[in-house]
Amino acid sequence: MLKDYVNSGIGLNNTTYHIDALPKFLAAHIKVDPTARILKNKNFPFYTDWIEIFGNVRATGHDSQHFVDVVQEVLN
């Protein structure tokens, strides 16, 4: 998800795991995708855990796993 924003003026602060964006870039992105409004001031404190659990790629539906499948895999 967040890797898609490379070169867009929107990025993830790797120290605070907070979305960093200049207002003009975020406003432009919100015009294209209104649901992106929730990214403003959004923190992702579990981002590194998500990478460890789900990998460093986003789920596209192909070879994606359900949360229950991941938990069972971790517990076994």
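As a starting point, this report considers the structure included with it. (Residues numbered from 1 in each chain as written. Predicted model: local features only at pLDDT ≥ 70, side-chain atom pairs only at ≥ 80, totals over all residues. Heavy atoms only, no water.)

## Things to note about the overall build of the protein chain
The following threshold applies: Put simply, DSSP H or I for four residues or longer makes a helix, DSSP E for two residues or longer makes a strand, and each gets a number counted from the N terminus. A contact between two residues is defined here by any heavy atoms of the two lying within 4.5 Å. Here the Shrake-Rupley method, with its probe set to 1.4 Å, supplies the accessible areas, and only the displayed protein chains count as covering residues.
Regarding its fold elements, the protein chain presents three helices and two strands. Written out in order from the N terminus, the α and β elements of the protein chain read β-β-α-α-α. In the protein chain, the proportion of contacts linking residues at least 24 apart, taken out of those at least 6 apart, comes to 39%. By element, 57% of the accessible surface of the protein chain is carried by carbon and sulfur atoms, the whole surface being about 6,200 Å².

## Things to note about the pairing of strand β2 (residues 18-21)
Under the convention used in this document: A pair of strands counts as paired when DSSP detects no fewer than two bridges linking them.
Pairing of strand β1 (residues 10-13) with β2, which is carried by four bridges, proceeds in the antiparallel orientation. In the strand pairing of β2, asparagine 13 is matched with histidine 18. In textbook terms, the turn of a hairpin is the stretch between consecutive antiparallel strands, and for β1 and β2 this stretch comprises four residues, one of which, tyrosine 17, has a positive phi near 55 degrees.

## A look at helix α1 (residues 23-32)
Rule in force here: Residue burial is assigned from relative accessible area. The probe radius is 1.4 Å, only protein chains are included, and a residue is buried under 20% of its type maximum, exposed over 50%, and partly exposed in between. Along the arc lie the directions from the helix axis toward the C-beta atoms.
Inspection of α1 places Leu26, His29 and Ile30 among the buried residues, and these make up the whole buried set. Buried residues of α1 fall within an arc of 105 degrees about the axis and therefore sit on the same side. Every exposed residue of α1 that faces more than 90 degrees away from the buried side is listed here: Lys24, Lys31 and Val32. Buried-residue contacts for α1 involve β1 and β2.

## Re a nonpolar patch on the surface
For clarity, the cut-off: Residues form patches when they are more than 30% accessible in relative terms and have no salt bridge. Like charges link within 9 Å. Nonpolar side chains (Val, Leu, Ile, Met, Phe, Trp, Tyr) link within 5 Å. We define a salt bridge as a side-chain nitrogen of Lys or Arg found within 4 Å of a carboxyl oxygen belonging to Asp or Glu.
Among the surface-exposed residues, Phe46, Trp50, Ile53 and Phe54 lie close enough to one another that they form a single nonpolar patch of about 400 Å² accessible area. Residue position: isoleucine 53 is located in helix α2 (residues 47-54). Judged by relative accessible area, isoleucine 53 falls into the partly exposed class, the value being 41%.

## Overview of the packing of aromatic side chains
This is how it is decided: The rule is short: rings of Phe, Tyr and Trp, with Trp giving its six-membered ring, pair when the centres are within 6.5 Å, and they are stacked under 30 degrees, edge-to-face over 60, tilted in between. Any Lys NZ or Arg CZ found within 6 Å of a ring centre and within 35 degrees of that ring's normal is scored as a charge over the ring.
Scanning all chains against the criterion turns up one aromatic pair. Taken together, a centroid distance of 6.2 Å and an interplanar angle of 35 degrees make the contact between tyrosine 17 and tyrosine 47 tilted. Of the two residues, tyrosine 17 sits in the loop between β1 and β2 while tyrosine 47 sits in helix α2, which places them 30 residues apart along the sequence. Given a relative accessible area of 15%, tyrosine 47 falls into the buried group. The ring centre of phenylalanine 44 lies 5.9 Å from the NZ or CZ of lysine 42, which sits over that ring.

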